[in-house]
Number of protein chains: 2
Amino acid sequence: MLINVDRFKKTMEQVNEIAVTSEGGVNRLALTDEDLQARQLLKAWMDEEDMAFRFDDAGNMYGTLEGSDPDQPSVCVGSHLDTQPNGGKYDGALGVLSGLEVIRTIRENNITTRRSIELINWTNEEGARFEPPLIGSGLVAGIFEKDWVHNLQDRNGIRFKDELVRIGYLGDESNRLNNAHAYLEMHIEQGPVLEKEGFPTGLVTGILGIKWFDITITGQADHAGPSPMSSRCDALMSTANILMKLKEHILNYGDPIVVTVGQISASPGTTNIIPGQVKFTVDLRHYTEKGLENLEKEMIEIIDAVCSKEGTSYEIAKLWSNPPTKFDDNIINTVEEAFKESNVPVFKITSGAGHDAKYISDIIPTGMLFVKSIGGKSHCPEEHSTYEDMGQAIQVLLSSVLKLAQ
Amino acid sequence: MLINVDRFKKTMEQVNEIAVTSEGGVNRLALTDEDLQARQLLKAWMDEEDMAFRFDDAGNMYGTLEGSDPDQPSVCVGSHLDTQPNGGKYDGALGVLSGLEVIRTIRENNITTRRSIELINWTNEEGARFEPPLIGSGLVAGIFEKDWVHNLQDRNGIRFKDELVRIGYLGDESNRLNNAHAYLEMHIEQGPVLEKEGFPTGLVTGILGIKWFDITITGQADHAGPSPMSSRCDALMSTANILMKLKEHILNYGDPIVVTVGQISASPGTTNIIPGQVKFTVDLRHYTEKGLENLEKEMIEIIDAVCSKEGTSYEIAKLWSNPPTKFDDNIINTVEEAFKESNVPVFKITSGAGHDAKYISDIIPTGMLFVKSIGGKSHCPEEHSTYEDMGQAIQVLLSSVLKLAQ
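Residues numbered from 1 in each chain as written. Chains lettered and ligands numbered in written order. Predicted model: local features only at pLDDT ≥ 70, side-chain atom pairs only at ≥ 80, totals over all residues. Heavy atoms only, no water.

Novice: Hey, could you run me through the overall build of chain A in this one?
Specialist: The helix and strand inventory of chain A stands at 12 helices and 16 strands. Taken over the C-alpha trace, chain A has a radius of gyration of 24 Å; the compact-globule value for 406 residues is 22 Å, and the two agree within 12%. With the C-alpha coordinates of chain A rotated into their principal frame, the extents come out at 85 × 45 × 40 Å. Surface accessibility of chain A: about 15,100 Å² in total, with carbon and sulfur atoms responsible for 45%. Distance between charge centres in chain A, computed from 37 positive and 60 negative side chains, equals 2 Å. (Helix = DSSP H or I, 4+ residues; strand = E, 2+ residues; numbered from the N terminus. Rg over C-alpha atoms; globule rule 2.2 N^0.38 Å. Areas by Shrake-Rupley, 256 points an atom, 1.4 Å probe, with all protein chains shown as cover. Lys, Arg positive; Asp, Glu negative; His and termini not counted. Charge placed at Lys NZ, Arg CZ, Asp CG, Glu CD.)

Encoded structure:
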């Protein structure tokens, strides 16, 4: 049984006609008119497949293809239709519409699975309009409170709940996903690994945990000219040393462990004054809780060693953390069999970024598939995946769903 | 013939009573009422010593102690009475009032030198109220145009010329310093070298030249999680590498060559995005023109090598430069003899910062003396030099003036 790439491509293109930007990106922010148009398309396609339709109190959309034993927990497939501003065409939409293609293929082959299959569109995955990200899946997984979600405001002060009402998607709490057998999400990789390693699609085994820190290095501000190099207590040179040592340390770990310093500032911030203080952020990621804890300790050791040697001092504030996710072993094994059955080479990969699957894995056995991102780009008009690669991944998804739903 | 440290101390304290801050600094910005009060004290002290008084079109004050051969070019001693906001007590005031102490000592010993001795207070050395610094000496040295100087405005839009008129210090252009035999300036070191090396005072042989650059390193912005370390093109990590290599390179030169990176920013500037671009400033200083040129070339080679290796690119914009100053050999030799005559150990030092002596050396043979700065601090309430050290330096200044004026 083969999926139909041409049909899938046509469906993707229809959704991406809605909010195309002059640069070739898409601008489909959560709960806007553009998001509504995409939702209406999806709803119509669910109707065509005779799927039962409902939406919950976060506006999450569910279409159910009833199985022969509808009392059994369902097999779910989904992702999100919202995008970043001027974002990519594939991120999110791929995960929803690949699920639709799986259902269409099952239907055109007149197959009835034992378990029902639910196709899901999660609301506001991106967090580009309403912060934080992963709102729809987070509400269902019990991460967020309903009132808190409903009172979220966008930058213009417009409430999440009011927008749900405006576009006709404020549903009942009882419609939330509950007690499913499995959740599968396909997503673009958003990184360069699959392209570099030469695989069209990857079997995602988990999501990196994250720790964020605000770090302050304090030295002594001084006049550039009269302060010999050897007598300086330069907070920026200490920081540069720390950054080089952190990078080297993390490189020794190998992929997928990463460290990122995204923000930096020096004060007093004058061309001819040695910086007395530097502030920077650190984003550490590891795939195990223990590994992430070790990374934090090692980072502190590196900072401590550099500052001790150079006479600077440091403060480390923990900003935020998010534990690693390990996907369900049974799901991973089933998807691995589906790869083999579909003659697609298996490549296991860890996700560096969060996805709806992260929160859903707290309540339902979950797995993910990645599709190769050309150039590793995402959240931009240049984001690209080939239909050939997506087609292979959807074939694996179909096989996985059929195995899980029997 | 010995100078009188107690008398000098009392004089310094009288000037510094004028605009003391709650933190123990002084706030005597150029052409303010506080500056005027200090000028009135100086004028009264010049009158007491029967010095002829005049001021020029920048408000620079000159007191002349007539020599026995007044047609001979004079020997000048001076510095500035203005300070930074909440600045130090010694910076500037030391150079003017040490000259006064020299004149008082000569007068109380009933000595008449062959050449006249001129005591000078330069206007707006600091540039803290009217930018740039060194306005009074710069006008006299022909660095700045009169109209341009007169139309300078402070942050409240008040004109330099209007403030000269208001405090009664708009003098005639013909009163500017002209055709002198020598100019000597004493100043606090504003750095840690004399303290570290254990000398009360230093013989300054020149002033470091300066080159300022704006440097942009461009890499590729990417999401922190899905971008393995090995595939990144991280503009901030390239910058850290450049900074470490620049520092190492300059340390190999040894004192007094310095490099300072005072400003840095990364964009997009988000905790979980790898910086695609970093901008930073570089301040390079060397005591020879050729040395400064070589430093620039070597800096570019370092940046080029790092960027080539790491796949980043760079742009280097020249912001500003100021050539090195080499003080007059005859003056240096005479002052060196004065050190020996005064039983003060000779230590030669290069100034890292600019002073009025920098511009004046363009038109008059010039030399400088530094006095040890405790902790190397300046432009702050903690700025400190001991009266013992200042006394030794003034003794050398007296001896130098007597030699040059005979």
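Novice: What is the right way to look at the confidence of the model for chain A in this model?
Specialist: As a general rule, the predicted coordinates of low-pLDDT regions are not to be interpreted in detail. This prediction gives chain A a mean pLDDT of 96; 100% of its residues lie at or above 70. Reported for the predicted complex are a pTM of 0.88 and an ipTM of 0.88. (pLDDT = per-residue confidence, 0-100.)

Novice: Teacher, can you tell me more about the interface of chain A and chain B here?
Specialist: Interface size is often expressed as the accessible area that is lost when the parts come together. With 57 residues of chain A at the interface, the matching set in chain B holds 57 residues. When the buried area of chain A at its contact with chain B is split by residue, Met229, Met237 and Thr271 of chain A rank highest and sum to 16% of it. Here chain A and chain B share 0 salt bridges between them. Where chain A touches chain B, the interface holds 8 residue pairs in polar contact (both at pLDDT 80 or more). Looking at the side of chain A that touches chain B, the elements that each hand over two or more residues are helix H7 (193-197), strand E8 (222-223), helix H8 (235-253), strand E9 (258-260), strand E10 (264-267), strand E11 (273-274) and strand E12 (277-286) of chain A. Ranked by the residues each element gives to the side of chain A that touches chain B, the list is headed by H8 of chain A, at 9 residues. Counted by class, the side of chain A that touches chain B contains 25 nonpolar, 22 polar and 10 charged residues. (Contact = heavy atoms within 4.5 Å. Buried area = accessible area lost by both parts, 1.4 Å probe. Salt bridge = Lys/Arg side-chain N within 4 Å of Asp/Glu carboxyl O. Polar contact = N/O pair within 3.5 Å; in protein donor to acceptor, adjacent residues only side chain to side chain. Nonpolar A, V, L, I, M, F, W, Y, C, P; charged D, E, K, R; others polar.)

Novice: Help me understand the relation of the copies chain A and chain B, please; the structure alone is not making it clear to me.
Specialist: The operation relating the pair of chain copies consists of a rotation about an axis and a translation along that axis. Taken as rigid bodies, chain A and chain B are interconverted by a rotation of 180° and an axial shift of 0.1 Å, the fit giving an RMSD of 0.1 Å. These values place the two chain copies in the arrangement generated by a two-fold rotation axis. Residues of chain A ranked by C-alpha distance from the rotation axis are headed by alanine 240 of chain A, positioned 2.2 Å from it. Mapped onto chain B, 100% of the interface residues of chain A again fall at the interface, so both copies present the same surface. (Least-squares fit on C-alpha atoms with pLDDT ≥ 70 in both.)

Novice: What exactly am I supposed to notice about helix H10 (residues 329-341) of chain A here?
Specialist: The periodicity of an α-helix, 3.6 residues per turn, causes residues three or four places apart in sequence to face the same way. Residues and elements named next belong to chain A. The end-to-end C-alpha distance of H10 is 18 Å, a good match for the 18 Å that 13 residues give at a rise of 1.5 Å each. Among the residues making up H10, those that are buried are Ile331, Ile332, Thr334, Val335, Glu336, Ala338 and Phe339. Buried positions along H10 lie against strand E5 (182-188), strand E6 (201-207), strand E14 (325-326), strand E15 (348-351), strand E16 (366-371) and helix H12 (387-405). With a side-chain oxygen lying 3.0 Å from the backbone nitrogen of asparagine 330, the N-terminal cap of H10 falls on aspartate 328. (Expected span 1.5 Å × (residues − 1). Buried < 20%, exposed > 50% of the residue type's maximum accessible area, 1.4 Å probe, protein only.)

Novice: Would you explain the environment of aspartate 172 of chain A in this entry?
Specialist: All names here are of chain A. Summarising the element assignment, aspartate 172 is placed in the loop between helix H6 (160-166) and E5. As a C-alpha pair, aspartate 172 and aspartate 57 span 115 residues in sequence and 5.0 Å in three-dimensional space. Discounting residues that sit within four places of it in the chain, aspartate 172 has contacts with Phe55, Asp56 and Asp57. A distance of 2.7 Å separates a polar atom in the side chain of aspartate 172 from a polar atom in the side chain of serine 174.

Novice: Could you clarify how one ought to interpret the pairing of strand E3 (residues 75-79) of chain A in this entry?
Specialist: It is a general feature of regular strands that their side chains alternate between the two faces of the sheet. Residues and elements named next belong to chain A. Counting buried residues in E3 gives 5 out of 5 residues, a clear majority hidden from the surface. Along E3, one buried face is formed by Val75, Val77 and Ser79 and the opposite face, lined by Cys76 and Gly78, is buried too. Two strands pair when backbone bridges link them, and E3 and strand E4 (residues 117-121) are joined in this way by 5 bridges, in the parallel orientation. If you follow valine 75 over to E4, its bridge partner there is isoleucine 117. For the crossover that starts at E3, traverses helix H3 (residues 93-108) and ends in the parallel E4, the hand is right-handed. Pairing analysis gives 3 bridges linking E3 to E5, with the strands arranged parallel. Bridge pairing links valine 77 to leucine 184 in E5. (Pairing = 2+ DSSP bridges. Right-handed = clockwise from strand over helix to strand, strands pointing away.)

Novice: Is there a simple way to explain the pattern of salt bridges in this structure?
Specialist: Pairing between side chains of opposite charge can happen when their charged atoms approach one another. Residue and element names in this part refer to chain B. As enumerated under the stated definition, the model contains 53 salt bridges over all chains in all. Notably, a salt bridge pairs arginine 7 with glutamate 101, separated by 2.7 Å at the nearest N-O pair. Here arginine 7 is found in helix H1 (residues 5-16), whereas its partner glutamate 101 is found in helix H3 (residues 93-108), with 94 residues between them in sequence. Given the relative accessible area of 0%, glutamate 101 is considered buried. Close ionic contact of lysine 211 with glutamate 296 constitutes a salt bridge, the shortest N to O distance being 3.0 Å. Of the two residues, lysine 211 sits in strand E7 (residues 209-218) while glutamate 296 sits in helix H9 (residues 289-310), which places them 85 residues apart along the sequence. Assigned by exposure class, lysine 211 and glutamate 296 land together as buried.

Novice: For this particular structure, what's the right way to read unusual backbone geometry?
Specialist: Most of the time, phi is negative for any residue but glycine, and the peptide bond is trans. A cis amide bond links glutamate 131 of chain A with the next residue in sequence, proline 132 of chain A, at an omega value of -5°. Looking at the secondary structure, you find proline 132 of chain A in the loop between E4 and helix H4 (135-140). Residue proline 268 of chain A is bonded to the preceding serine 267 of chain A through a cis peptide linkage, with omega at 10°. One non-glycine residue, leucine 31 of chain A, lies in the positive phi region at around 65°. Inspection of the secondary structure puts leucine 31 of chain A in the loop between helix H1 (5-16) and helix H2 (33-48). Phi angles above zero are rare outside glycine, and leucine 134 of chain B is one such case at about 60°. With respect to the helices, strands and loops of the structure, leucine 134 of chain B is situated in the loop between strand E4 (117-121) and helix H4 (135-140). Looking at leucine 134 of chain B, the relative accessible area reads 8%, which means it is buried.

Novice: Looking at this structure, how should I read the side chain of aspartate 222 of chain B?
Specialist: For aspartate 222 of chain B, the position within the fold is in strand E8 (residues 222-223). Despite its burial, aspartate 222 of chain B pairs with no opposite charge, the nearest such side chain being lysine 377 of chain A at 5.9 Å. Once residues within four sequence positions are removed from consideration, aspartate 222 of chain B is found in contact with Gly376 of chain A together with Ser227, Asn272, Ile273 and Ile274 of chain B.

Novice: Help me out: how do you make sense of the side chain of aspartate 57 of chain B in this one?
Specialist: The residue aspartate 57 of chain B is located in the loop between strand E1 (52-55) and strand E2 (61-65) in this model. The residues contacting aspartate 57 of chain B, other than those within four sequence positions of it, are Leu139, Lys146, His150, Leu164, Leu170, Gly171, Asp172, Glu173 and Arg176 of chain B.

Novice: Would you explain the packing of H3 of chain B against helix H12 (residues 387-405) of chain B in this entry?
Specialist: Packed helix pairs are specified by the crossing angle of their axes together with the interaxial distance, meaning the distance between the axes. Residue and element names in this part refer to chain B. Axis separation between H3 and H12 bottoms out at 9 Å; the angle between their running directions is 60°. On the basis of their axis angle, the class for H3 and H12 is oblique. Where H3 crosses over H12, the two elements pack in a sense that is right-handed. Residues Leu94, Ser98, Gly99, Glu101, Val102, Thr105 and Ile106 of H3 touch H12, and the partners they reach there are Met390, Ile394, Leu397, Leu398, Val401 and Leu402. Residues belonging to the contact of H3 with H12 are distributed by class as follows: 9 nonpolar, 3 polar and 1 charged. (Axes fitted to C-alpha atoms, helices over the stretch in contact; angles between N-to-C directions. Parallel < 35°, antiparallel > 145°, perpendicular 65-115°, else oblique. Left-handed = near helix turned anticlockwise from the far one by under 90°.)

Novice: What is the right way to look at the environment of lysine 146 of chain B in this model?
Specialist: Residues and elements named next belong to chain B. Of note, lysine 146 is situated in helix H5 (residues 146-150). Residues lysine 146 and glycine 63, 83 residues apart in the sequence, show an inter-C-alpha distance of 22 Å. When residues no more than four places from it in sequence are discounted, the contact partners of lysine 146 are Asp57, Leu139, Glu173 and Arg176. Polar contacts involving the side chain of lysine 146 include one to the side chain of glutamate 173, which spans 3.3 Å.

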